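Examining the three-dimensional arrangement
Spelled out, the chains give:
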Protein chains: 2
Amino acid sequence: MARKKNATLNDIASTIGVAPMTVSRVVNGTGYVSEKTREKVLLAVKEMSYRRNGLARNLKRQKTDTVGLVLGDISNPYSTEIANAVRERLAARGYNLFICISEHSANEDIGAFESLVDHNIDGLIVATRSNQEGDERLRSIADSNLPVVVVGRDFHHSRVDFVSADNLRGGFEATQHLIDLGHRRIAFIGAGFESRSSLKRLQGYLNALEKHGIEIDERLITGRKESVSDVPGYSTEKIGYEGMKRLLSLPSPPTAVFARNDFTAVGAMSAIKDAGLSIPQDIAIVGFDDTPLASHMMPALTTVRQPMRLLGQLAAEMLLKRIAIEDELERDERVLDCELIVRGSSVATS
Amino acid sequence: MARKKNATLNDIASTIGVAPMTVSRVVNGTGYVSEKTREKVLLAVKEMSYRRNGLARNLKRQKTDTVGLVLGDISNPYSTEIANAVRERLAARGYNLFICISEHSANEDIGAFESLVDHNIDGLIVATRSNQEGDERLRSIADSNLPVVVVGRDFHHSRVDFVSADNLRGGFEATQHLIDLGHRRIAFIGAGFESRSSLKRLQGYLNALEKHGIEIDERLITGRKESVSDVPGYSTEKIGYEGMKRLLSLPSPPTAVFARNDFTAVGAMSAIKDAGLSIPQDIAIVGFDDTPLASHMMPALTTVRQPMRLLGQLAAEMLLKRIAIEDELERDERVLDCELIVRGSSVATS
DNA sequence: TTGTAAGCGTTATCAT
DNA sequence: ATGATAACGCTTACAA
């Protein structure tokens, strides 16, 4: 038996001998319908297991009450917390959320954008790493006047709002913290997944060193040649492990390490332990993100916490505002503070 | 300035003086169009920044090349790994994936189903915890002949395929492992988020005890009264912590614990450490899922690993098959083996 | 309270 | 190689 075609409004209408419009009114609970007719319709609807066609409906209504969210690494708690916050805020305002995953390749970014835009979403939130082609497409989407908000990464467009944690400052403070502890040979692990200027955390690290007159040693900045493609989720851990190995083999290894994120930091910690060194006595380490992992490591990982929920909430609100106010809107731009969370991986606990 | 209306096929057509159909052919690369006309069209398309209307297109085509995935807890690596695997498989076959989050409440399940179905997705994959009302709606969706696959939970419907890890067996083996180590007072943490029969891991625990003639002590089964609503993501950890506290306050506390998942186990570990007890000497512990957390705990957490990627791949394939073959299909049902991963939380490392 | 007509933006189909 | 027409399933606006 082939898949049976679903009943339409017209089918219902002609079956019970009323106008399609009457059925529509009953189904949507709009306008006046006599109790008698209403019951007849409801019965038929149930009988024929009618299901309204959202495509047709939305085509006519010219809106979908749906927002799209494109996520890079869905395995990262950073992303999922944002997604949860976005969803909550949207739901409170009657909007649905469709999430698309793009594992950071330009093609996938574009695919995600297209599929979402194809469904005529009312707005788009983007939280992927930036890449040339993807950004180009995103720009053209913004040009076409679809409300867009970008989270946690750079993107400049007069009609696109932007919200991010202060990665520059976060990187600075993490490094500053290590300097304050007396370290001078401080390494950075996980550079180079993207252009250096776009990696604000690395920039913050460099700024802190510079401010304290510590010369930058390129050998202490690792990860530059790693390719991130086909890296599944949190296994940037591997990059941390290998980066640390390399650092340990230097003639004069670092006494402290700032890792681009917690997973990378965790990988580095493994390498340090494998080398028989202790944390933080031999090498201190700081991560970024404050994932659940961080607080459970041994020693617990000092890290920089991003206000994930707030990021998501703001992104949702900015977007809703753009959707509601159809007029030209000033670009809104928010940079939120991070918080350094000091734990045992940088300061020995008594 | 109000948001400008997007150009349509007709706009393009009338602007350059051809039929809409011609523009359509160019845009979709189907049928014959003279090079000259094509260029003219392409130019206009770019000029007017034309974007095809997917709603109208899909309404006409009667398909969307899109599959929906409803996820319960998106903060759980279990979910995200499945999502990644599903997405990959679908992408390889030209399908897009829209993910909806439902934090385990019936309303949200239904909302997610509805919003997805409203967009006329070609198929639906469901990976939420089961709940009465949600299941009812899901049943009616399946009745309406939309291809549906359910992952990692019960659901019976003649047209709905099913794939899951063997939670029963996993729970059994985890418990068996503890029994083999000589434990007799073994607790279970995290029962009761749903009906007991639906929590296969608990069932497996009970079966193992029974098999070895160990009497079931209800006081050792904890978590029954916890409500999971408004529990954000991985903070089932809290449930583990509190459950363990309660167990430790028993006249005769357990010597081993099986936790419903890794987060719960981690919470329990904290409680054990806080009580000044050591793992596994005083209390052994086993989790479930093998999240990244597990291998990094101190001691590392013994846990039961689910084949997440395989689950996702199979789900995608089952669904694609249902979509491709429009005829009635036998219900396909797969239960995949779990793997017990023994680490330091149950067996002291030498 | 109910019905009619038109159209949302495409594409399938047949015609030229 | 291009066009005309109808239809996808619904809702808006108006009429009865």
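For the structure itself, consult the block above.
Residues numbered from 1 in each chain as written. Chains lettered and ligands numbered in written order. Predicted model: local features only at pLDDT ≥ 70, side-chain atom pairs only at ≥ 80, totals over all residues. Heavy atoms only, no water.

This part is about the packing of helix α8 (residues 167–180) of chain B against helix α9 (residues 200–211) of chain B. Residue and element names in this part refer to chain B. Running from N to C, α8 and α9 cross one another at 45°; their axes reach a closest spacing of 7 Å. Relative to α9, the element α8 lies oblique. At the point where α8 passes α9, the crossing takes the right-handed sense. On α9, the residues touching Asn 167, Leu 168, Gly 171, Phe 172, Thr 175, Gln 176 and Ile 179 of α8 are Lys 200, Arg 201, Gln 203, Gly 204, Tyr 205, Asn 207, Ala 208, Leu 209 and Lys 211. (Axes fitted to C-alpha atoms, helices over the stretch in contact; angles between N-to-C directions. Helix = DSSP H or I, 4+ residues; strand = E, 2+ residues; numbered from the N terminus. Parallel < 35°, antiparallel > 145°, perpendicular 65-115°, else oblique. Left-handed = near helix turned anticlockwise from the far one by under 90°. Contact = heavy atoms within 4.5 Å.)

What follows concerns the packing of helix α2 (residues 20–28) of chain A against helix α3 (residues 35–47) of chain A. All names here are of chain A. Across the interface, α2 lies against α3 with an axial gap of 10 Å and an inter-helix angle of 85°. With respect to their mutual orientation, α2 and α3 come out roughly perpendicular. Residue-level inspection shows Thr 22, Val 23, Val 26 and Val 27 of α2 in contact with α3, the latter providing Thr 37, Arg 38, Val 41, Leu 42 and Val 45. Grouping the amino acids of the contact of α2 with α3 by side-chain chemistry returns six nonpolar, two polar and one charged. (Nonpolar A, V, L, I, M, F, W, Y, C, P; charged D, E, K, R; others polar.)

A few words now on helix α5 (residues 77–92) of chain A. Over its 16 residues, α5(A) extends 23 Å from the first C-alpha to the last, a length consistent with the 22 Å expected when each residue adds 1.5 Å. The complete set of buried residues in α5(A) reads Pro77(A), Tyr78(A), Ser79(A), Thr80(A), Glu81(A), Ile82(A), Ala83(A), Asn84(A), Ala85(A), Val86(A), Arg87(A) and Leu90(A). (Expected span 1.5 Å × (residues − 1). Buried < 20%, exposed > 50% of the residue type's maximum accessible area, 1.4 Å probe, protein only.)

Further remarks concern the protein's contact with DNA strand C. Around DNA strand C sit 25 residues in total, of which Thr22(A), Ser34(A), Thr37(A), Leu9(B) and Ser24(B) are the nearest. A distance of 2.6 Å is found between a phosphate oxygen of DNA strand C and a backbone nitrogen or oxygen belonging to Ser34(A). Contact between DNA strand C and Thr37(A): a phosphate oxygen at 2.4 Å from a side-chain N or O atom of the residue. Of the residues assigned to the surface near DNA strand C, the class counts are 10 nonpolar, nine polar and six charged. (Near = heavy atom within 4 Å. Polar contact = N/O pair within 3.5 Å; in protein donor to acceptor, adjacent residues only side chain to side chain.)

Neighbouring DNA strand D are 24 residues, the closest being Leu9(A), Tyr50(A), Thr22(B), Ser34(B) and Thr37(B). In DNA strand D, atoms within 4 Å of the protein come 63% from sugar and phosphate. Within the contact set of DNA strand D, a base nitrogen lies 2.9 Å away from a side-chain nitrogen or oxygen of Lys60(B). At 3.3 Å, a side-chain N or O of Gln62(B) approaches a phosphate oxygen of DNA strand D. Those elements that place two or more of their residues in the surface near DNA strand D are α2 and α4 (54–61) of chain A together with α2 (20–28) and α4 (54–61) of chain B.

Mapped onto the elements of the fold, Ile101(B) is located in strand β2 (residues 96–101). In contact with Ile101(B), not counting residues within four places along its chain, are Ala83(A), Asn84(A), Arg87(A), Ile99(A), Leu71(B), Gly72(B) and Ile74(B).

Before going further, it helps to examine the pattern of salt bridges. All names here are of chain A. One pass over the structure, following the stated rule, counts 41 salt bridges over all chains. We note a salt bridge from Glu 88 to Arg 309, for which the minimum N-O separation is 3.0 Å. In this pair, Glu 88 sits in helix α5 while Arg 309 sits in helix α13 (residues 308–324), placing the two residues 221 residues apart along the sequence. The exposure class assigned to Glu 88 is partly exposed, which follows from its relative accessible area of 37%. Taking relative accessible area as the criterion, Arg 309 reaches 27% and is therefore assigned partly exposed. (Salt bridge = Lys/Arg side-chain N within 4 Å of Asp/Glu carboxyl O.)

If you rotate chain B by 180° and push it 0.1 Å along the axis, it lands on chain A with an RMSD of 0.1 Å. Expressed as a symmetry operation, the mapping of one chain copy onto the other fits a two-fold axis. Using C-alpha coordinates, one finds that chain B approaches the rotation axis most closely at Ile99(B), a distance of 2.4 Å. When the interface residues of chain B are mapped onto chain A, 100% of them again fall at the interface, so both copies present the same face. (Least-squares fit on C-alpha atoms with pLDDT ≥ 70 in both.)

A few words on the sheet that holds strand β8 (residues 256–259) of chain A. Residues and elements named next belong to chain A. The sheet built from four strands is open, its strands ordered β7-β6-β8-β9 with parallel pairing. Each end of this open sheet is capped by a strand with a single partner; those strands are β7 (221–222) and β9 (284–286). By the bridge criterion, four bridges tie strand β6 (residues 186–189) to β8 in an arrangement that is parallel. Counterpart to Ile 189 in the pairing with β8 is Ala 259. Contacting β6, β7 and β8, helix α9 (residues 200–211) runs over the sheet at an angle of about 170° to β6. Seen against the sheet, helix α10 (residues 236–248) touches β6, β7 and β8 and runs at an angle of roughly 145° to β6. (Pairing = 2+ DSSP bridges.)

Our focus in this paragraph is the interface of chain B and chain A. Contacts between the two partners involve 61 residues from chain B and, on the opposite side, 61 residues from chain A. Together chain B and chain A conceal approximately 5,900 Å² of surface at their shared face, both sides included; 51% is due to carbon and sulfur atoms. Ionic pairing is found between Arg87(B) and Glu108(A), a salt bridge with its closest N-O pair at 3.4 Å. Seen at the junction of chain B and chain A, the total is 19 residue pairs in polar contact (both at pLDDT 80 or more). When contributions to the side of chain B that touches chain A are tallied by element, the ones reaching two or more residues are α4, α5 (77–92), β2, α6 (106–118), α7 (132–143), α11 (262–274), α12 (292–296) and α13 (308–324) of chain B. Here the side of chain B that touches chain A takes seven residues from α5(B), the largest share from any one element. (Buried area = accessible area lost by both parts, 1.4 Å probe.)

Within the secondary structure layout, Ser79(B) lies in helix α5. Sequence-distant contacts of Ser79(B), defined by excluding residues within four places in its chain, comprise Leu71(B), Asp73(B) and Ile74(B).

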